[in-house]
Amino acid sequence: MKLGLIGLGKMGLSLAENAMDHNHEIVGYDLNKDFVDKAVAAGAEGADSLEDMVAKLPSPKIVWVMVPAGKPTDSTIESLSTLLGKGDILIDGGNSYYKDSLRHNEILKAKGIDFFDCGTSGGMEGARSHGNFMIGGDNKEAFETIRPLYDDIAEKDGYLYTGRAASGHYLKMVHNGIEYGEMQAIAEGFEVLEASDFDYDNEAVAKVWSHGSVIRGWLMELAEEQFAKDPELEKIAGRMHASGEGQWTVQEGLDSHVPTPVIALALMMRYRSMQDDTFTGKVVSALRNGFGGHAMDKAGK
Ligand SMILES: NC(=O)c1ccc[n+]([C@@H]2O[C@H](COP(=O)([O-])OP(=O)(O)OC[C@H]3O[C@@H](n4cnc5c(N)ncnc54)[C@H](O)[C@@H]3O)[C@@H](O)[C@H]2O)c1
């Protein structure tokens, strides 16, 4: 099929290449012209605006949005709601908050445009050849139009139509919450090893754990790769950025009274990692000094 792809960054370009490997045609658009040129070099047709991209698509028009979640996705979908029409299909493959997807669905539904919220997993490598997709959308029949695309670009058994609109992004949110907890547990384990009296080789440990152990998996394989490049990870800072999904998962747990202690603490550790020092620490230190005369460290030391 021929589809438009908006956002040709780390994920979008890989998805475009993956789809083109399976004889799908891509009309690519990105705010950054260099990325459009890259997609054209890879075999896509380039577009210099959303209007241009839409004009280059046959009806029913199928458009995949792969831009950062939040404002860029909001504004892209708002513009597309005026450029697409009844029977056209819009897929949001980014990590949008599911409540935003509910809102996007209402905007598009009013115009007769079928919206699919598609949680995308598997990273750049997956996007390039064997992605993982969780897809929600009210019109199950319209999903059949795009199913052949997923048959081609997903890992075998690696996509799921999850039901009504926003259920795909909801599932991806929880998936990422789980990812927070798994990564935190792996990281804590390696830190305990680092602090021990034993002399472990991190790469070798990750390798042996990747071969037949209960905790084997892609994250452990990635740990092995990273330790191979930088055995003590001395070249990078331990700041763990967060883009929302962990926070949203914990919020859902709070709202529905579901305890999510592992994901919540993993999220707190990410926030903590962004601080060089904490006011909490200063307050506790000052209080300990106040009641027990315990020593306080000087700021900056
Ligand atoms: N990187 C990952 O592993 C991963 C995995 C799953 C999902 N995602 C999601 O996929 C989406 C894209 O992620 P990425 O890693 O490719 O990001 P990226 O920053 O590499 O690429 C985003 C691209 O979108 C373009 N862009 C931004 N605003 C635009 C607009 N208004 N119109 C047209 N183009 C615009 C940028 O120029 C950039 O090329 C995000 O929602 C992200 O959360 C990323």
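Relevant structure appears above.
The text that follows walks through the structure, step by step, so that each part is easy to find. (Residues numbered from 1 in each chain as written. Predicted model: local features only at pLDDT ≥ 70, side-chain atom pairs only at ≥ 80, totals over all residues. Heavy atoms only, no water.)

If you tally the helices and strands in the protein chain, you get 13 helices and eight strands. The principal-axis extents of the C-alpha atoms in the protein chain amount to approximately 75 × 40 × 35 Å. By sequence separation, contacts in the protein chain at least 24 residues apart represent 65% of the contacts at least 6 residues apart. When the accessible surface of the protein chain is summed, it comes to about 16600 Å², and 56% of that surface belongs to carbon and sulfur atoms. Of the charged side chains in the protein chain, 29 are positive and 47 negative; the average position of the first set lies 4 Å away from that of the second. (Helix = DSSP H or I, 4+ residues; strand = E, 2+ residues; numbered from the N terminus. Contact = heavy atoms within 4.5 Å. Areas by Shrake-Rupley, 256 points an atom, 1.4 Å probe, with all protein chains shown as cover. Lys, Arg positive; Asp, Glu negative; His and termini not counted. Charge placed at Lys NZ, Arg CZ, Asp CG, Glu CD.)

This part is about the site of the ligand. Neighbouring the ligand are 20 residues; Lys-10, Met-11, Asp-30, Val-67 and Thr-120 lie closest to it. A distance of 2.9 Å separates an oxygen atom of the ligand from a polar backbone atom of Lys-10. The separation between an oxygen atom of the ligand and a polar side-chain atom of Asp-30 is 2.6 Å. Surface burial for the ligand is 76%, taken as the share of its 830 Å² of free accessible area covered by protein chains. Sorting the residues of the shell around the ligand by element identifies helix H1 (10–21) and helix H4 (71–83) as the ones contributing at least two each. Considering only residue class, the shell around the ligand consists of ten nonpolar, seven polar and three charged. (Near = heavy atom within 4 Å. Polar contact = N/O pair within 3.5 Å; in protein donor to acceptor, adjacent residues only side chain to side chain. Nonpolar A, V, L, I, M, F, W, Y, C, P; charged D, E, K, R; others polar.)

Evaluated as defined, the whole model comprises 14 aromatic pairs. Aromatic pair Tyr-97 and Tyr-98: ring centres 5.5 Å apart, planes at 80°, arrangement edge-to-face. Residues Tyr-97 and Tyr-98 agree in their burial class; the two are buried. Seen from their ring centres, Phe-143 and Tyr-150 are 5.9 Å apart, and the 25° between their planes marks the pair as stacked. Of the two residues examined, Phe-143 and Tyr-150, each falls in the buried class. (Phe/Tyr/Trp six-rings, centres within 6.5 Å; stacked < 30°, edge-to-face > 60°. Buried < 20%, exposed > 50% of the residue type's maximum accessible area, 1.4 Å probe, protein only.)

Let us look at the environment of Ser-210. Considering the arrangement of structural elements, one finds Ser-210 in the loop between helix H9 (202–209) and helix H10 (218–229). Taking the C-alpha atoms as reference, Ser-210 lies 35 Å from Val-65; in sequence the two are 145 residues apart. Setting aside its immediate chain neighbours within four residues, Ser-210 contacts Arg-216, Met-220, Glu-221 and Glu-224. Of the polar contacts made by the side chain of Ser-210, one reaches the backbone oxygen of Ala-206; its length is 2.8 Å.

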